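Observations on the three-dimensional arrangement
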Amino acid sequence: MAETSGEAGAIHARGLRKTYAGRKGQEVVAVTGVDLDVAPGEIVGFLGPNGAGKTTTLKMLATLLKPSGGTANVSGCDLAADPLGVRKRIGYVSQAGSTLPDAPLMLEIESQGRLYGLSTKEARRRGLELMEALDLGGLERRKSQNLSGGQRRRLDIVMGLIHRPELVFLDEPTTGLDPQARANLWEHIRRLRDELGTTIFLTTHYMDEADSLSDRLLIIDKGEIVGEGTATKLKAELKGDSLTLTFSGGEAAETGEEVAAGLEGAANVVRQGNVLFLNLPDGARALPGLIKRLSDAGAEPIGAELSRPTLDDVFLALTGRSLRE
Ligand SMILES: Nc1ncnc2c1ncn2[C@@H]1O[C@H](COP(=O)(O)OP(=O)(O)OP(=O)(O)O)[C@@H](O)[C@H]1O
C-alpha cells in the first residue's frame, strides 16, 4: 500500500545509496548513504564538485533511478512503495531540457500536460498562465530552437510545472546562461516559492547562486553530505575571519597587539607599524567587544576592516576542492 505519512512537498531520505556497475564489473559507489531533509516551501541548494553525486541523488529522489539502498519519503509518498505517487507530485527539470527543437511551444506544453492526465484545454490554460508568469507570454507559437538560452530554461521550467507539483527538482537550472539571464531566472524561482509555495531542490555549480537563492545548502562530496546549513551558518562555522586594525600610531598599535593576543580565539596576530592583522572566529560578532577593550586600554583603532569567508572558502575547507576546479 502506498505510504502517505510525510508532508506534501517535503523530502526525508535516510541512507540513500547508489552503486553503478563499472566497466570492468567493479562497483562504482556514486552515492554513499545520504541523509537529507527538506521542509515544505524551502529552496535548498545542492552543491558539489563534478562527479560528487548530485544528479544521481536527484534522479533517485525523482524516481528516475532506483536506489541501491536506503529509504525516502518524497512529498508524502514512499519512494519504493509508491513511485507513481511521487511522480504525480513532483516536477523534474533535467540539465539537458526536454523540448523538441522544432515544435511550437504550446504544442509541447499541451503534450506534456496530457502526459500528466490533463485535458488539452486545461494544459493550455495552465501553460498560458505559467508562460506569463515566467515571462514567455506571446511566444506560444515560437519553436524552442528560436528561443534564447534563458527563455529555453524558463520553458523547461514551465514544462516541469504543468501539473502543479508541490516539489520541483531543478538540475543546474542556470548553467550556460549569461549573468543577467541567471539573475532573472533566480527571480522566477523565488516567485514560484513565494507565490505558489513550491518546494525547490536545485543543484548548482555556482556559489553566488547557492548563496543568494537558497534558504539552505547541502554540500555533497564523493557521494556523501559534508556540510549543511544556511550560507551564513556555514560561513560562520569557518573559523578565522580576517581583521585589519589601523591605529593612530605605533604605540597604540603595540597596546592593540597585546589586547588582541589575549583575546579568546584570536590567531595569527601580526603587527606591521601601526597596522594590526589577526584572524578571528565570527569576527562580526567579536569586533564590537574587541573595539571596546581596545578603547578601555587607550588604543582605539582609527580603522577596522573585516573580510568574511566566502562560500568558496567553505567549500574549499569541506571538500579540499574549489567548485571552479
Ligand atoms: N550510469 C553510470 N554508470 C557508472 N557510473 C556512473 C553513472 N552515472 C554516474 N556515474 C558516476 O557516479 C558518480 C556521480 O555522478 P553524478 O552524475 O551523480 O555526479 P554530479 O555531482 O551530478 O556531477 P556533475 O556536476 O558533473 O553533473 C560519478 O563518479 C560518475 O562518474
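Residues numbered from 1 in each chain as written. Predicted model: local features only at pLDDT ≥ 70, side-chain atom pairs only at ≥ 80, totals over all residues. Heavy atoms only, no water.

The name given to the protein chain in an unreviewed UniProt entry is ATP-binding cassette domain-containing protein, and the organism recorded there is Pseudoroseicyclus tamaricis.

Quick look at the site of the ligand now. Every one of the 13 residues lining the ligand counts as a neighbour, but Gly 51, Gly 53, Lys 54, Thr 55 and Thr 56 are closest to it. Between the ligand and Gly 53, the relevant distance is 2.9 Å, taken from an oxygen atom to a main-chain nitrogen or oxygen of the residue. In this structure, an oxygen atom belonging to the ligand sits 2.8 Å away from a side-chain N or O atom of Thr 55. When the ligand is considered free in solution it has 640 Å² of accessible area, and contact with the protein chains removes 62% of it. When residues of the shell around the ligand are assigned to their parent elements, the largest contribution, 3 residues, is made by helix H1 (residues 54-61). Across the shell around the ligand, the residue classes tally to 4 nonpolar, 7 polar and 2 charged. (Near = heavy atom within 4 Å. Polar contact = N/O pair within 3.5 Å; in protein donor to acceptor, adjacent residues only side chain to side chain. Areas by Shrake-Rupley, 256 points an atom, 1.4 Å probe, with all protein chains shown as cover. Helix = DSSP H or I, 4+ residues; strand = E, 2+ residues; numbered from the N terminus. Nonpolar A, V, L, I, M, F, W, Y, C, P; charged D, E, K, R; others polar.)

Moving on to the environment of Cys 77. Along the chain, Cys 77 falls in strand E5 (residues 77-78). Counting along the chain gives 67 residues from Cys 77 to Ala 10, while the straight-line C-alpha distance between them is 9.7 Å.

With the rule as written, the count across this model stands at 2 aromatic pairs. A centroid spacing of 5.3 Å and a plane angle of 35° characterise the contact between Phe 46 and Phe 201, whose relative ring orientation is tilted. Placement of the pair is Phe 46 in strand E3 (residues 43-47) and Phe 201 in strand E8 (residues 199-204), with a sequence separation of 155 residues. For Phe 46, a relative accessible area of 0% puts it in the buried group. Look at Phe 201 and you get buried, because its relative accessible area is 0%. Plain terms: the ring middles of Phe 169 and Phe 201 are 5.8 Å apart, the flat faces sit at 80° to each other, and that makes the pair edge-to-face. Of the two residues, Phe 169 is situated in strand E7 (residues 167-171) and Phe 201 in strand E8; the sequence distance between them amounts to 32 residues. (Phe/Tyr/Trp six-rings, centres within 6.5 Å; stacked < 30°, edge-to-face > 60°. Buried < 20%, exposed > 50% of the residue type's maximum accessible area, 1.4 Å probe, protein only.)

With that settled, consider the nonpolar core. One finds Ile 109, Met 131, Leu 155, Ile 157, Val 158, Leu 170 and Ile 200 to be the most contacted residues of the largest nonpolar core, which totals 30 residues. Only helix H3 (105-115), helix H4 (120-133), helix H5 (149-161), E7, helix H6 (179-196) and E8 provide two or more residues apiece to this core. Excluding residues that lie within four positions of it along the chain, Ile 157 makes contacts with Val 93, Leu 134, Leu 170, Leu 185 and Leu 192. Of all hydrophobic cores here, the second largest spans 26 residues; its members include Ile 11, Val 31, Leu 167 and Phe 201. (Core = buried A, V, L, I, M, F, W, Y, C linked by side-chain atoms within 4.5 Å. Contact = heavy atoms within 4.5 Å.)

Of note, Lys 54 is situated in helix H1. Lys 54 gets classed as buried once you look at its relative accessible area, which sits at 5%. Setting aside chain neighbours within four positions, we find Lys 54 in contact with Phe 46, Leu 47, Gly 48, Pro 49, Glu 172, Thr 203, Thr 204, His 205 and Ile 220. Reaching out from Lys 54, the side chain makes a polar contact with the backbone oxygen of Gly 48 at a distance of 2.7 Å.

Another aspect to go through is the domain arrangement of the protein chain. One can read the domain layout of the protein chain as domain 1 (11-234) and domain 2 (239-308). Summarising the inter-unit geometry, the C-alpha centres of domain 1 and domain 2 are found 46 Å apart. (Domains from an automatic or database assignment.)

Taking 1.5 Å of rise per residue, the 18 residues of H6 would be expected to cover 26 Å, and the 25 Å separating its terminal C-alpha atoms lies within 8% of that figure. Every buried residue belonging to H6 is among Ala 181, Arg 182, Leu 185, Trp 186, His 188, Ile 189, Leu 192 and Arg 193, and all of these are buried. Down the axis of H6, the buried side of the element spans an arc of 165°, and every buried residue falls inside it. Along H6, the residues that are exposed and aim more than 90 degrees away from the buried face are Pro 179, Gln 180, Asp 194 and Glu 195. (Expected span 1.5 Å × (residues − 1). Arc of directions from axis to C-beta.)

Take the side chain of Glu 42 next. Position of Glu 42 among the secondary structure elements: in the loop between strand E2 (27-38) and E3. What makes Glu 42 buried here is its relative accessible area of 14%. There is a polar contact of 2.8 Å between the side chain of Glu 42 and the backbone nitrogen of Ala 39. In contact with Glu 42, not counting residues within four places along its chain, are Asp 37, Arg 193, Thr 199, Ile 200, Asp 215 and Arg 216.

This part takes up the pattern of salt bridges. Side chains that carry opposite charge are capable of pairing whenever their charged atoms lie near each other. This structure, assessed with the given rule, holds 21 salt bridges. As a salt-bridge pair, Arg 216 and Glu 42 come within 2.7 Å of each other at their nearest N and O atoms. You can see Arg 216 sitting in strand E9 (residues 216-221) and its partner Glu 42 sitting in the loop between E2 and E3, a full 174 residues away along the chain. The exposure class assigned to Arg 216 is buried, which follows from its relative accessible area of 14%. Notably, a salt bridge pairs Asp 194 with Arg 193, separated by 2.8 Å at the nearest N-O pair. (Salt bridge = Lys/Arg side-chain N within 4 Å of Asp/Glu carboxyl O.)

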